[in-house]
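So the chains spell out like this:
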Amino acid sequence: MKYYPEYNHVVSWPAMLIPPAIYVVLAVLASRSVTPGKPVLPNSILKNVLRVYNVVQIVLCTYMTIGLLPVVQPPNVFGIDTSMDAAGEWFIFCHYLSKFLDWFDTFFIIIKGNAKKQLSFLHVYHHSSIGLMWGILLMYDNAGGTARYGALINSVTHVFMYSHYLWTSFGRKNPFKALLTKWQICQFYSCFIHAVLVLLGKPIVETHLKLELAWLQFCYHITMVYLFTFKMAWIPRLYIDLEDKSA
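Cut-offs used in this document
Residues numbered from 1 in each chain as written. Predicted model: local features only at pLDDT ≥ 70, side-chain atom pairs only at ≥ 80, totals over all residues. Heavy atoms only, no water. Helix = DSSP H or I, 4+ residues; strand = E, 2+ residues; numbered from the N terminus. Rg over C-alpha atoms; globule rule 2.2 N^0.38 Å. Buried < 20%, exposed > 50% of the residue type's maximum accessible area, 1.4 Å probe, protein only. Contact = heavy atoms within 4.5 Å. Areas by Shrake-Rupley, 256 points an atom, 1.4 Å probe, with all protein chains shown as cover. pLDDT = per-residue confidence, 0-100. Salt bridge = Lys/Arg side-chain N within 4 Å of Asp/Glu carboxyl O. Expected span 1.5 Å × (residues − 1). Arc of directions from axis to C-beta. Core = buried A, V, L, I, M, F, W, Y, C linked by side-chain atoms within 4.5 Å. Axes fitted to C-alpha atoms, helices over the stretch in contact; angles between N-to-C directions. Parallel < 35°, antiparallel > 145°, perpendicular 65-115°, else oblique. Nonpolar A, V, L, I, M, F, W, Y, C, P; charged D, E, K, R; others polar. Phe/Tyr/Trp six-rings, centres within 6.5 Å; stacked < 30°, edge-to-face > 60°.

A. Main features of the overall build of the chain. Scanning the chain from N- to C-terminus turns up 10 helices and zero strands. Ordered by position from the N terminus, the helices and strands of the chain form the series α-α-α-α-α-α-α-α-α-α. A compact globule built from 247 residues would reach a C-alpha radius of gyration of about 18 Å, and the chain, at 19 Å, matches this within 12%. Principal-axis analysis of the C-alpha atoms places the extent of the chain at approximately 60 × 40 × 35 Å. Counting every position in the chain, which comprises 247 residues, the buried fraction comes to 47%. Sequence-distant contacts, at least 24 apart, represent 85% of the contacts inside the chain between residues at least 6 apart. Here the chain displays about 12,800 Å² of accessible surface, and carbon together with sulfur accounts for 71% of that area.

So, in structure tokens, the structure goes:
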């Protein structure tokens, strides 16, 4: 990291590769050990724990949104060719760390006994790989400038998502639920468009971000757009279907 070298050990290859590998293994093993439809903890306890978690996520993502917002400079909404600075690197570092916090989403799904319905390939793939994408940016001193856009739009999306989860946890309906799903899809498409514009160098030539990292975003978001559009609900057999086994 350029401005915060004291945290370089957090964005080393071992730190970026070993924890996600452990996450995938634990997600598979845990999903196999929980009976589908049978929560591990009483529903009342789970609800309260989830509400606290949702509030933490809302506060954290709001903090990152405010910190990353300066990248949007209309009409240059992607902040292409904006300079790197300490603030940009700090908030992208916070965003990188938040990807580890997001892993609790997976284990809450498993604890609630919903792995059979909700633990999709998209979910595990995204949660295990997105931290690596941001870690590479930090490792190569490119966490800032136009790179802030991806962290910004994702932080905004998470504010919406966890606000939805918190609201519905009280038994209330969210009239904007359908729009939330569309917003998530638009998020991935916007990041894809962002990468294309950076690579084309039109209408603004990017001189601060390494183009290799723009290619990384381009390729990664092809996978995200494909999975979110066509394979969002695909759930591989990451668990033992105890209901079918006992039938």
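B. How the structure looks around the confidence of the model for the chain. Residues at a pLDDT of 70 or more form 95% of the chain, whose mean pLDDT is 90. For the chain, per-element mean pLDDT is lowest for helix H10 (residues 242–246), which scores 43, and highest for helix H3 (residues 86–101), which scores 97. Across residues 238–247, where pLDDT falls below 50, the model places 17 contacts with residues more than four positions away in sequence or in other chains.

C. Representation of the environment of Lys 182 within the structure. Along the chain, Lys 182 turns up in helix H8 (residues 177–200). Residue classification places Lys 182 among the exposed residues on the basis of a relative accessible area of 53%. It is 19 Å that separates the C-alpha atoms of Lys 182 and Tyr 149, two residues lying 33 residues apart in sequence.

D. Highlighting the pattern of salt bridges. All told, the structure shown has one salt bridge when counted by the stated rule. Residue Lys 99 is joined to Asp 102 by a salt bridge in which the shortest nitrogen-to-oxygen separation is 3.0 Å. Taking the relative accessible area as the measure of exposure, Lys 99 reaches 4% and is therefore buried. On the basis of relative accessibility, which here comes to 4%, the residue Asp 102 falls in the buried class.

E. Region of the structure containing helix H1 (residues 13–33). Taking 1.5 Å per residue, 21 residues should reach 30 Å; H1 reaches 30 Å between its end C-alpha atoms and fits that length. All of the buried residues in H1 are Ala 15, Met 16, Pro 20, Tyr 23, Ala 27 and Ser 31. All buried residues of H1 project into a common sector of 105 degrees when viewed along the axis, lining one side. Structural note: H1 exposes Leu 29 and Ser 33 on the side pointing more than 90 degrees away from its buried face. Looking at the packing, one finds that the buried side of H1 touches H3, helix H4 (103–111), helix H5 (115–118) and helix H6 (121–139).

F. Here's a closer look at the nonpolar core. Formed by 41 residues in total, the largest nonpolar core has its most connected members in Leu 68, Ile 92, Tyr 96, Trp 134, Leu 138 and Leu 209. Counting only elements with at least two residues in this core, the list comes to helix H2 (43–68), H3, H6, helix H7 (148–168), H8 and helix H9 (211–230). Those residues within four positions of Trp 134 in sequence are excluded, and the remaining contacts are Ile 92, His 95, Tyr 96, Lys 99, Ala 147, Gly 150 and Ala 151.

G. View of H9. Helix length check: H9 (20 residues) gives 28 Å between terminal C-alpha atoms against 28 Å at 1.5 Å per residue, within 8%. Among the structural elements, H6 and H8 are those in contact with the buried residues of H9.

H. Region of the structure containing the packing of H6 against H9. Between H6 and H9, whose axes approach to 11 Å, the crossing angle comes to 170 degrees. With respect to each other, H6 and H9 are oriented roughly antiparallel. Together, Phe 121, Leu 122, Tyr 125, His 126, Ser 129, Ile 130, Met 133, Ile 136 and Leu 137 of H6 and Leu 213, Leu 216, Tyr 220, Thr 223, Met 224, Leu 227 and Phe 228 of H9 make up the contact between the two elements. Partitioning the contact of H6 with H9 into residue classes produces 13 nonpolar, three polar and no charged.

I. Representation of the packing of aromatic side chains. In the structure shown here, the tally under the stated rule is 23 aromatic pairs. Ring geometry for Tyr 162 and Tyr 165: centres 5.6 Å apart, planes at 80 degrees, overall edge-to-face. With Tyr 162 and Tyr 165 both in helix H7 and three residues apart, the pair spans about one turn of that helix. Owing to a relative accessible area of 37%, Tyr 165 belongs among the partly exposed residues under this scheme.

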